[in-house]
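Okay, here's what each chain looks like letter by letter:
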Amino acid sequence: KAGVTQTPRYLIKTRGQQVTLSCSPISGHRSVSWYQQTPGQGLQFLFEYFSETQRNKGNFPGRFSGRQFSNSRSEMNVSTLELGDSALYLCASSFSGLLTDTQYFGPGTRLTVL
Amino acid sequence: GQQVMQIPQYQHVQEGEDFTTYCNSSTTLSNIQWYKQRPGGHPVFLIQLVKSGEVKKQKRLTFQFGEAKKNSSLHITATQTTDVGTYFCAGIRIAGNNRKLIWGLGTSLAVNP
């Protein structure tokens, strides 16, 4: 069974631009969660999507948004990029959700904002 | 701000020694999960604890969830070089209809052979 895939793996953007990251979950998994990982703040939960609906969310500003498609693939969008958005963005998939089920993480997208 | 404190931040042990990392939350948690992340890798789910006072074992790893569901620990007996990595706890906090996964900053374990 293929694992969680994320594209692109690396991205360089400048302040003010926007970016879209993609996550393809393990086949059959309906839940996709997104996380931001930085050395100073550690891992922070962004949001979880389940069956195309946002089910849970963290404390990030509205510049961070996401969506999930009918095939469970998910995208995360960050608008008006700031320097502090530089981070490793991880997605994780599970069958029934982050509360009840093992989450499998993808390799991440490393975003650098200049 | 960070609501789950994890200590120590770093731990350096000799192979064969034991290792423990602790997580403390300012609020009651619904569940707590533990993950391991190898250098350059991504987090790998280890276990989830749900019940107050729960203890679970996976070979040399012992996980505990406190009676008040505000703290948890991971203990590794007789560490091996393959245990190297950062261990994270992540607590699930429920607020109304929303659930958030709140992560500790992790404990980085180094093992000298």
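Notes on the structure follow. (Residues numbered from 1 in each chain as written. Chains lettered and ligands numbered in written order. Predicted model: local features only at pLDDT ≥ 70, side-chain atom pairs only at ≥ 80, totals over all residues. Heavy atoms only, no water.)

So, about the interface of chain A and chain B. The partner chain B presents 18 residues to the 21 residues of chain A that form the contact. Summed over both partners, the interface of chain A with chain B comes to about 1,600 Å²; 54% of that surface belongs to carbon and sulfur atoms. Where chain A meets chain B, there are 0 salt bridges. Counting the contacts that link chain A with chain B gives 5 residue pairs in polar contact (both at pLDDT 80 or more). Here the residues of the side of chain A that touches chain B sort into 8 nonpolar, 11 polar and 2 charged. (Contact = heavy atoms within 4.5 Å. Buried area = accessible area lost by both parts, 1.4 Å probe. Salt bridge = Lys/Arg side-chain N within 4 Å of Asp/Glu carboxyl O. Polar contact = N/O pair within 3.5 Å; in protein donor to acceptor, adjacent residues only side chain to side chain. Nonpolar A, V, L, I, M, F, W, Y, C, P; charged D, E, K, R; others polar.)

Moving on: the sheet that holds strand β1 (residues 4-7) of chain B. Residue and element names in this part refer to chain B. Read from one edge of the open sheet, 5 strands run β1-β3-β8-β7-β6, paired in antiparallel fashion. Of all the strands in the sheet, the pair left with one neighbour each is β1 and β6 (55-58). Neighbour-to-neighbour, the strand axes of this sheet turn through a mean angle of 15 degrees, independent of strand direction. (Pairing = 2+ DSSP bridges. Helix = DSSP H or I, 4+ residues; strand = E, 2+ residues; numbered from the N terminus. Axes fitted to C-alpha atoms, helices over the stretch in contact; angles between N-to-C directions.)

Residue and element names in this part refer to chain B. As for its placement among the helices and strands, Glu54 is situated in the loop between β5 (44-49) and β6. Since its relative accessible area comes to 15%, Glu54 is described here as buried. Residues in contact with Glu54, not counting those within four places in the same chain, are Leu49, Phe63, Gln64 and Phe65. (Buried < 20%, exposed > 50% of the residue type's maximum accessible area, 1.4 Å probe, protein only.)

What follows concerns the environment of Asn71(A). Within the secondary structure, Asn71(A) sits in the loop between β7 (64-68) and β8 (74-78). Polar side-chain contacts of Asn71(A) include one of 3.1 Å to the backbone nitrogen of Arg73(A).

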